[in-house]
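Inside the fold
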Amino acid sequence: MKIDELSLIDLAKAISEQKITSYDATKFYIEKCEERKDLNAILEIFDDALDKAKEMDEKIKNGFKGKLAGVPVVIKDNILYKGKKASCGSRFLENYVAQYNSTVVQKMLDAGAVIFARANMDEFAMGSSTETSYYGITKNALDPTRVPGGSSGGSASAVGAGLTPVALGTDTGGSIRQPSSYNGVVGIKPTYGRVSRYGVIAFASSIEQVGPITKNVKDNAYMLEVLVGGSEHDETSLKTDVPSYLSQIKGSVKGLRIGVLKEIEEAVAGFEVEKSYRDTLKMLKENGATLVDVSIKDFKLTLPCYYIIAPAEATSNLGRFDGVKYSRRSPDAKDVDEIYFKSRSEGFGKEVKRRIMLGNFVLSSGYFDAYYNKAKKLQQKLINESKEAFKKCDCFVLPTTAGVAFKLGAKSGDPVAMYKEDLFTIMANILGTPAISVPFGKGENGLPLGIQIVADRLNEGVVYNVADFIESKGGDYARV
Amino acid sequence: MQEYDIVIGLEVHSELKTNAKVFCSCKNEFGQAPNTNCCPVCVGLPGALPVLNKKAVQLVIKAGLTMGCEINDLAVFERKNYFYPDLAKAYQISQLVRPICLGGKIELKEREVRLNRIHLEEDAGKLVHSTAAIGTLIDYNRGGVPLMELVTEPDITSADEAVEFLTKLRQRLIFAGVAECKMEQGGMRCDVNISVKKKGSKELGQRTEMKNLNSFKSVYRAINYEAKRQIEVLENGGTIVQETRKWDDNHGKSVSMRKKETSSDYRYFPDPDMLAVEISREDVENLRNELPLMPEELKAKYMGEYGLSEYESDILTKEKDLSAYFNETIKNINNPKEVSNWILTEVLNRLKDGSEEIKISPKDLASLISLVEKKIVTRTNAKEMLTRIWENGEKIENLVKEFGGNVDESELKTLVENIIKNNPKAVADYKTSDTPEKVFRWFTGQVMKETRGKANAAKAEEFIKEFLSRE
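1. Some words on the overall build of chain B
Within chain B one finds 15 helices and 17 strands. A compact globule built from 471 residues should have a C-alpha radius of gyration of about 23 Å, whereas chain B, at 31 Å, is more than 25% larger. Relative to its 471 residues, chain B shows a buried fraction of 40%. Contacts in chain B between residues at least 24 apart in sequence constitute 68% of all its contacts with a sequence separation of at least 6.

2. Concerning the environment of A:Val73
Residue and element names in this part refer to chain A. As for its position among the elements, Val73 is in strand β2 (residues 72-76). Judged by C-beta crowding, with 25 C-beta atoms within 10 Å, Val73 ranks as buried. Not counting residues up to four positions away in its chain, the partners in contact with Val73 are Leu68, Met108, Ala113, Val114, Ile115, Thr164 and Val166.

3. Some points on the sheet that holds strand β16 (residues 269-270) of chain B
All names here are of chain B. On the basis of which strands lie adjacent, the open sheet formed by three strands has the order β5-β4-β16 and antiparallel pairing. Single-partner strands in this sheet number two, and they are β5 (91-94) and β16. Pairing geometry for strand β4 (residues 78-81) and β16, over two bridges, is antiparallel. For Arg79, the partnering residue across the bridge sits in β16 and is Phe269.

4. Brief notes about the domain arrangement of chain B
In terms of domain boundaries, chain B breaks down into domain 1 (4-283), domain 2 (293-403) and domain 3 (409-470). Computed over C-alpha atoms only, the centres of domain 1 of chain B and domain 3 of chain B are separated by 68 Å.

5. Topic: the interface of chain A and chain B
Taken together, the contact between chain A and chain B spans 32 residues of the former and 24 residues of the latter. For the side of chain A that touches chain B, the elements supplying multiple residues, two or more each, are α10 (302-317), α11 (336-347) and α12 (350-363) of chain A. Ranked by residues supplied to the side of chain A that touches chain B, first place goes to α10(A) with three residues. For the side of chain A that touches chain B, the class distribution of residues is twelve nonpolar, twelve polar and eight charged.

6. A few points about the confidence of the model for chain B
Per-residue confidence for chain B gives a mean pLDDT of 92, with 98% of residues at or over 70. With a pTM of 0.89, the predicted complex shows an ipTM of 0.95.

7. Topic: helix α11 (residues 396-403) of chain B
Residues and elements named next belong to chain B. For α11, the set of buried residues is Leu399, Val400 and Phe403. Seen along its axis, α11 keeps its buried residues to an arc of 105°; they face one direction. Away from its buried face, by an angle of more than 90 degrees, α11 presents the exposed residues Glu397, Asn398 and Lys401. Those residues of α11 that are buried are in contact with α9 (362-373) and α10 (379-392).

8. Looking at α12(A)
Taking 1.5 Å as the rise per residue, α12(A) with 14 residues should run 20 Å; its terminal C-alpha atoms sit 20 Å apart, in good agreement. Taken as a whole, α12(A) has its buried residues at A:Val352, A:Arg355, A:Ile356, A:Gly359, A:Val362 and A:Leu363. For α12(A), the arc enclosing every buried residue in end-on projection is 135°, short of the 170-degree limit, so these residues lie on one face. Residues of α12(A) that are exposed and angled more than 90 degrees away from the buried face: A:Lys350 and A:Met357. Elements in contact with the buried residues of α12(A): α10 and α13 (369-392) of chain A together with β16 of chain B.

9. Brief notes about the packing of helix α13 (residues 424-432) of chain B against helix α14 (residues 436-451) of chain B
Each packed pair of helices is defined by two parameters, the angle between the axes and the distance between the axes. Residues and elements named next belong to chain B. Direction vectors running N to C along α13 and α14 enclose 150°, while the axes themselves pass 8 Å from each other. Accordingly, the angle class assigned to the pair α13 and α14 is roughly antiparallel. For the pair α13 and α14, the crossing hand works out as left-handed. Contact residues: Ala426, Asp429 and Tyr430 in α13; Pro436, Val439, Phe440, Trp442 and Phe443 in α14. Taken together, the residues that form the contact of α13 with α14 break down as seven nonpolar, no polar and one charged.

The rules we used
- Residues numbered from 1 in each chain as written.
- Chains lettered and ligands numbered in written order.
- Predicted model: local features only at pLDDT ≥ 70, side-chain atom pairs only at ≥ 80, totals over all residues.
- Helix = DSSP H or I, 4+ residues; strand = E, 2+ residues; numbered from the N terminus.
- Rg over C-alpha atoms; globule rule 2.2 N^0.38 Å.
- Buried ≥ 20, exposed ≤ 12 C-beta atoms within 10 Å, placed from the backbone.
- Contact = placed C-beta atoms within 7 Å.
- Pairing = 2+ DSSP bridges.
- Domains from an automatic or database assignment.
- Nonpolar A, V, L, I, M, F, W, Y, C, P; charged D, E, K, R; others polar.
- pLDDT = per-residue confidence, 0-100.
- Arc of directions from axis to C-beta.
- Expected span 1.5 Å × (residues − 1).
- Axes fitted to C-alpha atoms, helices over the stretch in contact; angles between N-to-C directions.
- Parallel < 35°, antiparallel > 145°, perpendicular 65-115°, else oblique.
- Left-handed = near helix turned anticlockwise from the far one by under 90°.

Dropping the structure here:
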């Protein structure tokens, strides 16, 4: 059995049936990571990974059962795993060691996972290209002259290059889906609150979620089943029952009502992704789905809405990195004011500083109503518009990005161009709905393009079913 | 001074009496070794999230109910952002737009002080200034302790009234079981907003805020100092600057901390990690039903139902523990007046003499009073018994054997007979005196003397009467 030819589900099965050892699987992927250091997708391979794998093999021999028993997993650098570094792509947390397990890590460990490495990311998840990491840029798995997308670029590139069967990312404005699209893999942002944020270093608390990045849709559904569920440590995590997602993948879209957003039809014109997008709709219709015209009138305002809410929350969330307690303190600081000023000046990168300033501005007295409150009202309006639209359809289909992965450095000098990378993905964060990116079709140089499926809150099952169907019709391109 | 009115508003912080902190499960406890009572949440580690302790909300609602506040049906928590080393997250979770309680009032002797609001927030850690070599250290044990902040309208007009207000507030919070208000531990802290204006003028003067007031006495002194300072500034043709001042209790003066222009913009916004709290009317009523009587209500009850004087009632309702003790004692003996007498004299005197707590149970005190009532022991002996219970923790059952009721009845009868036989002059006096009861009491005294007070006084009197009638 060739380990890298196995899906996550098949690998988990093979390990639990003791056809492959966790040790061999983990070793295999560690070697892969070593081979592809050029990508800079992985920041650290945990030195106890093989020991943990051996332990799991023992446990499995002794009857341990778990969905991820012995399965190697990569986490993004902003997810806390007790005793391991979590630097959030920042100099500020260069040597920060997690003091406790995040809920997602705990759930994976309980399911038997061997978490063997952490992946690079944009600093504090602020970016769309993994070029803002203090630890160097990550490269696209399919074309090293291009960006992997971001902020979960390390995770997506790692899965795309076959360095791990699965990686966790976080998605605040598209940070799982856009890099998944660029690396030809599958990534979901679950319903807000479906996965606990406890132990995930916060960027924009009210809109972000952890989600899996995998080689295919079924693996993704399988993995999400491990991660979901309410946490007593997170008020915003949903305490509702956790359904099986895999069982909702039916291999058919017959009778499904696919929402075609008027605003997307307009926005997509002339973009590289247009053909993929239209082909997807056509294909779904040919296979028995009904296309329904729907509208979210204020779609275009999702981007400005996001760039008010996210920086506002970020500026507050990042206040705790002050050089006083656990983060890096400037060696030149002489008093408490200097600890703040110098540590934050030296510890944060340019993009983070830009967003902190933006956030402070929109929250400052005299501007609060004009910006933050207005954005929150707009968010509510968008949610109401989406509820109307979801009465008419089961899900929306839209592109993940405008085109294929762009060249390294192409947008790093132009923040607005970079922000527009999230044009199609931000809506799901503002609405709190689940959204997946699945490869479909090719663009420039045969690089992958991604299609998004967005359903109403808690309808991950619909998202997975449609994504799986699209994947099945997308040829072998989904599998790298 | 007479030409000016003083206008005072208070902001009072009280630590709530919960078992756990407000956003994590660490203990809400004073006096632990530094940084031993902390967790990822209350030291603000990355990724940690607050989970509201509902008990704290309930206590704030209870506090509000004792002061006639309106309870909001939706309370929202907001972040107050500022940098200070004792504030682990660089923001304090507090409430701005939708606090738990709105309005309400406390009646003083001469006026009513309206409340603006009461809200719930978290306390910060504490800076500990060590030696120059070590510098400043931070103890986060207090971080995340639930605090209620009460804000009054500017209705207070003197230092005396401010202290009266605080005394009544403290009483209510303690009686309602909301807070312990231990000022020496920082359990209750007060900021004072103060301005002066020409007597009778409608227009308010510029105010200053005085921080760091940790006792009623410093509140009193700080107000008088600041009012005088402001009046002097105005009298000398100056203007008052809006500023925050810090009271220095050791030197009896205040110093400027920061002017308005350099004050922080707290950039409040709703905490995205927290859900808004829905407060149902049913919950509010249930909490109302849990409230014990407040001092004023108790006082009215003591005077009306129990016939105690206003003086007695005031004393008995001043402290929650004392009124609880009184209430418990009268459950065991239905004689409020007598219980009040005993508490006001015997119990309080012993407390004044240095005892830290009441060292006789309400049940035992009731028994003692009952023994006197039934004349099983004399009042004097009962007091002696109380002393021995208080000081040595002796058992009341054993003391009764020693002090009363254990002289055999026939022995007692013989004793009475002998006393009467041996005192013919007294017997004659008894028969001719205008005040025979005096002579009767003398006989009783003789019996007690002979028995060293152990005789059952009722029985003794019965026998004395019997033998005297035979003479």
